[in-house]
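# Architecture at a glance
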Amino acid sequence: MKEISVLGLGYIGLPTASILATNGYMVRGIDVSPSVVGIINKGGIHIEEPGLKTLVQAAVNSGNLTAYTQPQAADVYILAVPTPITEDKRADLSYVEAAAKSILPLLKRGDLVILESTSPPGTTVDFLCPVLAQSGLELGTELFVAHCPERVLPGKIIKELLQNIRIIGGINETSAQMARDVYTCFVEGEIHLTDATTAEMVKIMENTYRDVNIALANELARISPHLNINAWEVIRFANLHPRVNLHSPGPGVGGHCISVDPWFVVEKFPETAQLIAKARHINDFMPEFTYQMLLDTVRNIPNPKVTLLGLTYKPDVDDVRESPALKLIEMIEKNPDLRLAVYDPHVKHFDYELSGLEAAFRDSDCILLTVDHAEFKYINPRQVAAAVRNRNVIDTRNALSRKDWMDAGFQYRLLGCDYAENGDSVTRLTFFGNPLLSVV
Ligand SMILES: NC(=O)c1ccc[n+]([C@@H]2O[C@H](COP(=O)([O-])OP(=O)(O)OC[C@H]3O[C@@H](n4cnc5c(N)ncnc54)[C@H](O)[C@@H]3O)[C@@H](O)[C@H]2O)c1
């Protein structure tokens, strides 16, 4: 039985380590955070992900998963550490470097190192390999190296870890085949082998495709109100075409992947990757656009209180990384005229003080929904109407019922429909004389 060490026990490393452990591997999970290690060794979890707690408990109770703060010897090392971007939009590979350096003294002939972290094209060959070569082992014959990008969706990580198609890129064929042998124990989807740089670029292009597509939807959202039409309706009808799949607009793009990975290409090819860079800028402007929509809504209210519904970058998760709501909070906080209350049913720990639902609505002058958490659909507008000071709601995700909120006396404004920038304030309320319904 092979021994595997997984470095980085976060959203990716912890489920991967647990699945490997429950499939018969002896797994040593390594994390630099002592609190993470302590929680996992008690069978607990430090992140929210459906089904993860049960899986980790099973792995720890089987005796096959133990967590450590210091690297432990194994036959296979999986690096699942963060690869964020710096302020100037460059890949920060310091975690990959630190993790690779930490295993150097442990590496032996025949070992395999797999980089799972999303990385700029060329990282495995040009960045990781030179670090691993410091072990003195010959790469490709004595020490094998592969990149296996992780493409799971938060909220469905465990299902997708098992079922997704895998792309594995080796620094040579033997490395790719050895990595495939590790994943075949649990992956039900097809496994395709290629070179490491292609595998890196596959992952980045998947997220870049989505970022560019969302930028297109956001551009439509800014154009539509000038035409007195609803962007959501345009998208819904366009997507009835068999070869069209327009994504949805919103207050910005967040998360650890889509808002980050395209920069990995722009960084390397600033002159050529112009569409990719433009899409990033369009999406990064959306919090500012939403803020302008907010200011326009509360412009005649003295010292207005804003209720921000949703902190996370996508619905029904607790992950706030790169969330557009954070940028909105920053802008609202900087404006001395605005007061702010933030409510998110999924986020437990956050540096800004969070409110309960009732306190968040109390005396509010404008409700600003930034994420379509399932819970928000069940908020009763009539109850909210009794609690607020002024009845305004801005829906950036087409998540609420226009009719229900308007029936409760609210001015309902949908991003991509009811607000046009450049001072033109549009409210489209009827469709040939009938009340306009949200396209939910
Ligand atoms: N979260 C996702 O949905 C997702 C999806 C696909 C790909 N990815 C990629 O997977 C990688 C990991 O992302 P994540 O979301 O799991 O990150 P995360 O922040 O949830 O977890 C990373 C963990 O690594 C630990 N760590 C940092 N340096 C370490 C070191 N030197 N040795 C051991 N542990 C160390 C941290 O303490 C942290 O617990 C990133 O490259 C990310 O882009 C993430």
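Residues take numbers from 1 onward in each chain, read along the sequence in its written order. Given that this is a predicted model, residues contribute local features only at a pLDDT of at least 70 and side-chain atom pairs are listed and counted only at 80 or more, while totals for whole chains, interfaces and linings are drawn from all residues.

### Details of the sheet that holds strand 12 (residues 392-395)
- Two strands qualify as a pair provided DSSP detects at least 2 bridges between them. Helix and strand definitions follow DSSP, with helices as H or I runs of at least four residues and strands as E runs of at least two, each counted in order from the N terminus. A sheet is described by the order of its strands in space; here 5 strands give the open sequence 10-9-11-12-13, paired in parallel fashion. Looking at which strands have only one partner, the edges of the open sheet turn out to be strand 10 (339-343) and strand 13 (411-414). Strand-to-strand twist in this sheet, taken as the mean axis angle between neighbours without regard to direction, amounts to 20°.
- Summarising the sheet, strand 12 and strand 13 pair through 4 bridges and their orientation is parallel. If you follow D395 over to strand 13, its bridge partner there is L414. Axis angles are defined between N-to-C directions and span 0 to 180 degrees, where every axis is a line fitted to C-alpha atoms and, for a helix, only to the segment in contact.

### Things to note about the site of the ligand
- Taken together, 28 residues form the shell around the ligand, and within it G8, G10, Y11, I12 and S117 come nearest.
- Examining the composition of the shell around the ligand, we find that 4 residues originate from one element, helix 4 (residues 94-103), more than from any other.
- In this classification, Asp, Glu, Lys and Arg are treated as charged, Ala, Val, Leu, Ile, Met, Phe, Trp, Tyr, Cys and Pro as nonpolar, and every other residue, Gly included, as polar. Broken down by class, the residue content of the shell around the ligand amounts to 16 nonpolar, 9 polar and 3 charged. We count a residue as near a molecule or strand when its backbone-placed C-beta atom lies within 6 Å of that partner.

### Focus on the packing of helix 1 (residues 13-22) against helix 3 (residues 52-61)
- Closest axis-to-axis distance for the helix 1/helix 3 pair is 9 Å, and the angle between their directions is 45°. What the angle tells us is that helix 1 and helix 3 run oblique. Between helix 1 and helix 3 lies a crossing of left-handed hand. Only L52, L55, V56, A58 and A59 of helix 3 make contact with helix 1, whose side of the interface consists of L14, P15, S18, I19, A21 and T22.
- Taken together, the residues of the contact of helix 1 with helix 3 break down into 9 nonpolar, 2 polar and no charged. Should an angle fall under 35 degrees it is taken as roughly parallel, and over 145 as roughly antiparallel, whereas 65 to 115 is taken as roughly perpendicular and any remaining angle as oblique. Two helices cross in a left-handed way if the nearer one is turned anticlockwise from the farther one by less than a right angle. They cross in a right-handed way if the turn is clockwise. Note that contacts rest on C-beta atoms placed from the backbone: two residues are in contact if these are within 7 Å.

### A closer look at the domain arrangement of the chain
- The split into domains, and so the bounds of each, comes from an automatic or database assignment of domains. Its domain assignment divides the chain into domain 1 (3-195) and domain 2 (232-435).
- Here the side of domain 1 that touches domain 2 is built from residues that sort into 6 nonpolar, 2 polar and 3 charged.

### Regarding helix 12 (residues 324-334)
- Whether a residue is buried, exposed or partly exposed is read from the other C-beta atoms within 10 Å of its own C-beta, which are placed from the backbone; 20 or more gives buried, 12 or fewer gives exposed, and intermediate counts give partly exposed. Those residues of helix 12 lying buried are P324, A325, L326, L328 and I329.
- Taken together, the buried residues of helix 12 touch helix 11 (274-297), strand 9 (305-309) and strand 10.

### Thoughts on the sheet that holds strand 2 (residues 26-30)
- Read across the open sheet, the 8 strands follow the order 3-2-1-4-5-6-7-8; overall the sheet is mixed. Since the sheet does not close on itself, it has two edges, and those belong to strand 3 (65-68) and strand 8 (191-195), each with one partner. Pairwise comparison of adjacent strand axes, ignoring direction, gives a mean angle of 25° for this sheet.
- Direction of pairing for strand 6 (residues 144-147) relative to strand 7 (residues 166-170): antiparallel, over a ladder of 2 bridges. Across the sheet, H147 pairs through a bridge with G169, a residue of strand 7.
- Its contacts with the sheet place helix 1 against strand 1 (3-7), strand 2, strand 3 and strand 4 (76-79), and it is angled at close to 165° to strand 2.

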